[in-house]
Amino acid sequence: MTAYIFKRLLYMVPVLLAVTFILFVLMKLVPGDAAEAMLGPYATPENVERLREDMQLDQPFFVQYFGWLGDIVRGDLGTAYSLDRPVRDEVLERFGATLVLAGGAFLVCCLLGLGAGFFLAAREHGTGAKVVTLMTLAGISLPSFWLGLLFILLFAVELHWLPAGGMYSLFGGETLGDLLRHLVLPSLALGLVAAAVTARLMRTQMLEVLSQGYIRTARAKGLREAKVLGKHAFINGFIAVIPVLGLQAGYVLGGAVYIETIFQWPGIGRMLVQAIQARDLLLVQGGVLLVGVSYLFINLLADVLQHALDPRLKQ
Amino acid sequence: MSLPPLTRRYAVWLFLGLALLLWGCRPDNARPLETLVIAQGAEPKSLDPHVATSLNDFRILENVYEGLVRFKPGSMEIEPWLAERWEVSGDGKAYTFYLKEGVRFHDGSPFDAEAVKYTFERLLDSEHPEHDTGPFPLAFFFSQVESIEVIDTHTVRFQLKEPFAPFLANLAYPTGYIVSPDAVRLLRGGYGRKPSGTGPFHVTDWQSNRFVRLERFDDYWGERPELAQVYFQTVTDENARLTELLSGSADLIVEVAPDLIQYFRDDPAYRVYEESGPHLWFLIFNLRSPVLEDVRVRQAINYAIDKQGIAEEFLQGTATVAAGPVPRAFGWAYNDDIQPYPYDPDEARTLIQEAGAEGATLTFYATESGSGMLDPKGMAQAIQADLAAVGLDVVIETYEWNTFLSKVNGGLEGQADMAEMAWMTNDPDTLPFLTLRSQAWPEEGGFNSGYYANEQVDQWLEQARRETDLQQRAALYRKVQQVVHEEAPWAVIASWRQNAVSNDRVHGLRLEPSFLFRLDGVSVGDGKEAAE
């Protein structure tokens, strides 16, 4: 197991390098000069030139790239000029908010997705199953930003049950209850699509397991149906779903960009939109890097988990 | 077949979990009494009145600071405010102000002649120890001030280099508001986040990208405001601002999109506020662009744009078509002989052909949102379509407001062929003087981002601000309007009717023609304010 994790971590190094390289090239392709953007209208050509030197913008491409890479390794992501604040602090703070939202959405995805998948497999031909199948189909087809707007209209505007946006209320302190109240709608909007995908996959995997010989054996020897479904079919189906859950975790992180904009959630997605509009390249770079790296780690975690649970993969 | 026990158990747990969640989510944050929540589109850049330039910032500043004089409510006439009265010397160059006594800044320090002197010296004197707390982009409002003399604790005299007609109107604008010298000395560059004025409200909290909170200032010299707290919430997305109002989280939204205004007009649960003002929305042409240096192309663009369609259909009557660089709101200086360029695509095509500019590609700077910019993306696209119809290929580049301002104010040369822009002013002098004179090119520190130059216009504008006779001044502005109309350094599109929408909890709000936003007469309440 340790050897496997070590091997996977080793594989991540070239992937990480590729991520940083592509990111760096993309940011270089953005029109406009970071030094000019930072100094704004009060810039004199001499000042722009001096800042370009400070920022090493006058250096050859690879010198800039490896300089930047070295800074990242030392944990220095530069200063976000539009906020006058270190990129690292801003990105980490915003990423915390995104993790809360993505966590909520992922919980929705797991609870509803696995639950619905299990139900669909257990009641393959029932009326309930047909209704749930229809719901999962709708879930896959509906874009989550549209779902988000719909939720806002229904639950915030019409019913006044939940707030339309933000992470905390303006009043009454930042309590856990307040946070949950604000979390419900965006995490549902974001998590339902992922849940629908998960449910359909879970159903397929469980049905496949249920058609296996050992299930027939288990039933023949008189094992209770609950145990057959709960222990054999669910666990074995679940193992096959884990890598997809890893992908779904990545999806909710990526989807946070527009859900955060709709719900005014102060996360990294909204930060990226604002940073792009402000042409704050260092901030964009830092934000995208963090999202990319976390995506890699989530998938690593999913693979490790699957490895730990599935004895067949150990050979 | 009954449901498998495991599913049943799972369902029970899921149900319990959701119930717990909903319990945790019960409203535990009732809105405090006498609290008003305003949602506006941009985070303030600074609450230092001399640093700020945008209407979003001014909305807050207007309630935190005061000037020596102010615009009379409901008009653009000047009335005494922190100065009880003033005298102007015979040559029009010395203004003596007699200050109100017993006024305090929010930090507790007294308002006196020294504070007035300090305020303007920090703004104007590059040697001043706190001049580096800027930059002060609108400092040239007061560039005619030669010296400020403290006569006694409550008397102060401004000596101008030359007679300057718009001086009082500029004092009534946020750039002329008085700051607490103690607070600036203490906080220096941080003052813009912890401001201290003499106004009816003081700033008690500013959470980046969330809100600025004002509270009633208990030691205020004037009438006690009814509101105890005001939140200026930053909600950048237009639809999100709407849902904030509809869901009751916000009481008031400003700069509401035209089609939404229609939606609120007939609903008794909401109030719609509208007021025309001295605003102008226009395109700046880059006269150093190889295509636009030809006056025929500039006129062609003026003919090609369906201004009527933009103002009345696209903006649904929330703006009126404008003709020249002086908004119609300044009735006395307005030139009624000038008609806006008619919508005439054929004439435009002919002019473009004559100039040999068919198929030219033009870069057009636009902004996401910004103070006074109406619907900047939509209007840019409408203009793009109109110009495509006459054979000009327009590429729109969109920027966030502060970035956009930096780019445009720095001058368009080498960047773009044209840019959209909007100004709100307090005197007919301000806009043309700052944006059309050759001495106002970006490299000179002005806002003439398109490098228009006409010696005659320069001269008239210089002359107009020295003229103390109102009729004479007006005649000069009319001449400027005529020439600028012909030479078309801009395409003047529309003047805005500002608007706001509130729910029915809000009472006593009125929008000012000066576009300054005063909350001192506003109250909230219908007995339901405990529920959020």
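Counting of residues starts from 1 at the beginning of each chain's written sequence and follows it residue by residue. Key to labels: chains lettered from A, ligands numbered from 1, both in the order written. Per-residue local features are limited, in this predicted model, to residues with pLDDT of at least 70; the limit for side-chain atom pairs, both in listing and counting, is 80 or more; totals at the level of whole chains, interfaces and linings are taken over all residues. Only hydrogens and water are removed before side-chain values are computed, so all heavy atoms of the structure are retained for them.

Caption draft 1: Region of interest: the overall build of chain B. Regarding its fold elements, chain B presents 15 helices and 20 strands. The globule rule used for comparison is 2.2 Å times the number of residues to the exponent 0.38, while the radius of gyration itself is calculated over C-alpha atoms. A globule of 532 residues ought to have a C-alpha radius of gyration of about 24 Å, and chain B, at 26 Å, matches this closely. Considering only C-alpha atoms, chain B reaches an extent of 90 × 65 × 40 Å along its principal axes. Each residue is placed in one exposure class: buried if its accessible area under a 1.4 Å probe, protein chains only, is under 20% of its type's maximum, exposed if it is over 50%, and partly exposed if it falls in between. Here chain B holds 532 residues, and 59% of them are scored as buried. In chain B, the share of contacts with a sequence separation of at least 24, taken over all contacts with a separation of at least 6, comes to 70%. Per-residue and other accessible areas were derived by the Shrake-Rupley procedure at a 1.4 Å probe size, with only the shown protein chains allowed to occlude residues. If you sum the accessible surface of chain B, you get close to 20500 Å²; carbon and sulfur atoms cover 48% of it. Numbered from the N terminus, helices here are DSSP runs of H or I no shorter than four residues, and strands are runs of E no shorter than two. Only heavy atoms matter for contacts: two residues are in contact if any of them lie within 4.5 Å across the pair.

Caption draft 2: Quick peek at a positive patch on the surface. Residues and elements named next belong to chain A. A cluster of like positive charges, contributed by Lys221, Arg224, Lys227 and Lys231, occupies part of the molecular surface. Position of Lys221 among the secondary structure elements: in the loop between helix H9 (213–220) and helix H10 (225–263). Relative accessible area serves as the criterion here: at 64%, Lys221 is assigned to the exposed category. Grouping into patches uses exposed residues only, defined as over 30% relative accessible area, and leaves out salt-bridged ones; the cut-off is 9 Å for like charges and 5 Å for nonpolar side chains (Val, Leu, Ile, Met, Phe, Trp, Tyr). The working definition used for a salt bridge is a side-chain nitrogen of Lys or Arg within 4 Å of a carboxyl oxygen of Asp or Glu. The charge count treats Lys and Arg as positive and Asp and Glu as negative. His and the chain ends do not count. In this description, the location of a charge corresponds to atom NZ of lysine, CZ of arginine, CG of aspartate or CD of glutamate.

Caption draft 3: Geometry of the pattern of salt bridges. Counted according to the given criterion, the structure contains 27 salt bridges over all chains. One salt-bridge network, in which partners are shared between bridges, spans Glu130, Asp132 and Arg188 of chain B.

Caption draft 4: Helix H8 (residues 295–304) of chain B, seen in detail. Burial runs high along H8 of chain B: 8 of the 10 residues are buried. Counted as a polar contact is a pair of N or O atoms within 3.5 Å, where, for protein atoms, one must be capable of donating a hydrogen and the other of accepting one, and residues adjacent in sequence contribute only when both atoms are in side chains. Capping of H8 of chain B at its N-terminal end is provided by Asp294 of chain B; its side-chain oxygen lies 2.8 Å from the backbone amide nitrogen of Arg296 of chain B.

Caption draft 5: Seen up close, the packing of H8 of chain B against helix H10 (residues 345–355) of chain B. Residues and elements named next belong to chain B. Orientation is described by axes fitted as lines to C-alpha atoms, over the contacting stretch for helices, and by angles from 0 to 180 degrees between their N-to-C directions. Remark: H8 packs on H10, axes separated minimally by 8 Å, with the N-to-C direction vectors making an angle of 160 degrees. By the angle between their directions, the pair H8 and H10 is classed as roughly antiparallel. At the point where H8 passes H10, the crossing takes the left-handed sense. Contacts from Arg296, Val297, Gln299, Ala300, Tyr303 and Ala304 in H8 reach Pro345, Glu347, Ala348, Leu351, Ile352, Glu354 and Ala355 in H10. As a working rule, the residues Ala, Val, Leu, Ile, Met, Phe, Trp, Tyr, Cys and Pro are called nonpolar, Asp, Glu, Lys and Arg charged, and the rest polar, with Gly in that last group. When grouped by side-chain class, the residues that make up the contact of H8 with H10 number 9 nonpolar, 1 polar and 3 charged. Under this scheme an angle from 65 to 115 degrees is roughly perpendicular, one under 35 degrees roughly parallel, and one over 145 degrees roughly antiparallel; angles in between are oblique. Crossing chirality is assigned from the near helix's rotation relative to the far helix, an anticlockwise turn below a right angle marking it left-handed and a clockwise turn marking it right-handed.

Caption draft 6: Focus on the domain arrangement of chain B. Residue and element names in this part refer to chain B. By domain assignment, chain B separates into domain 1 (35–235 + 505–524) and domain 2 (279–497). Boundary definitions for the domains trace back to an automatic or database domain assignment. In this structure, domain 1 and domain 2 have C-alpha centres spaced 30 Å apart. Taken together, the contact between domain 1 and domain 2 spans 22 residues of the former and 22 residues of the latter. Taken as a group, Phe140, Ala165 and Phe515 account for 25% of the area that domain 1 buries against domain 2, more than any other trio of residues on that side. Two parts lose some accessible area (1.4 Å probe) when they are put together, and adding that loss for both gives the buried area.

Caption draft 7: Up close: the packing of H10 of chain A against helix H11 (residues 268–277) of chain A. Residue and element names in this part refer to chain A. Interhelical geometry of H10 versus H11 gives an angle of 85 degrees and a closest axis separation of 7 Å. Judged by the inter-axis angle, H10 sits roughly perpendicular to H11. Contact residues: Val257, Glu260 and Thr261 in H10; Ile268, Gly269, Arg270 and Val273 in H11. Residues belonging to the contact of H10 with H11 are distributed by class as follows: 3 nonpolar, 2 polar and 2 charged.

Caption draft 8: Layout of the domain arrangement of chain A. All names here are of chain A. Domain boundaries in chain A define domain 1 (2–75) and domain 2 (95–314). Between the C-alpha centres of domain 1 and domain 2 there is a distance of 33 Å. With 16 residues of domain 1 in contact, the opposing surface of domain 2 contributes 13 residues. When domain 1 packs against domain 2, close to 1600 Å² is buried across both sides, 83% of that on carbon and sulfur atoms. Taken as a group, Tyr4, Met12 and Met27 account for 33% of the area that domain 1 buries against domain 2, more than any other trio of residues on that side. Taken together, the links from domain 1 to domain 2 amount to 1 salt bridge. With its nearest N and O atoms 2.3 Å apart, the salt bridge here joins Arg8 to Asp303.

Caption draft 9: How the structure looks around the side chain of His106 of chain B. Residue and element names in this part refer to chain B. By secondary structure assignment, the location of His106 is in the loop between strand S5 (94–99) and helix H3 (113–124). Of the polar contacts made by the side chain of His106, one reaches the backbone oxygen of Phe201; its length is 3.2 Å. Every residue in contact with His106, bar those within four places of it in the chain, is listed here: Val64, Ser196, Gly197, Thr198, Gly199, Phe201, His202 and Phe217.

Caption draft 10: Region of the structure containing the environment of Glu444 of chain B. Residue and element names in this part refer to chain B. By the element assignment, Glu444 lies in the loop between helix H13 (430–435) and helix H14 (455–466). Relative accessible area serves as the criterion here: at 55%, Glu444 is assigned to the exposed category. Sequence spacing of Glu444 and Met76 is 368 residues, and the spatial spacing of their C-alpha atoms is 30 Å. When residues no more than four places from it in sequence are discounted, the contact partners of Glu444 are Ser438 and Gln439.

Caption draft 11: Structural context of a nonpolar patch on the surface. Residue and element names in this part refer to chain A. A cluster of nonpolar side chains, namely Phe21, Ile22, Leu26, Leu29, Phe62 and Phe66, defines an oily patch on the protein surface of about 640 Å² accessible area. At the level of elements, helix H1 (2–29) and helix H4 (61–73) are the ones that each hand at least two residues to the nonpolar patch. The biggest single contributor to the nonpolar patch is H1, with 4 residues.

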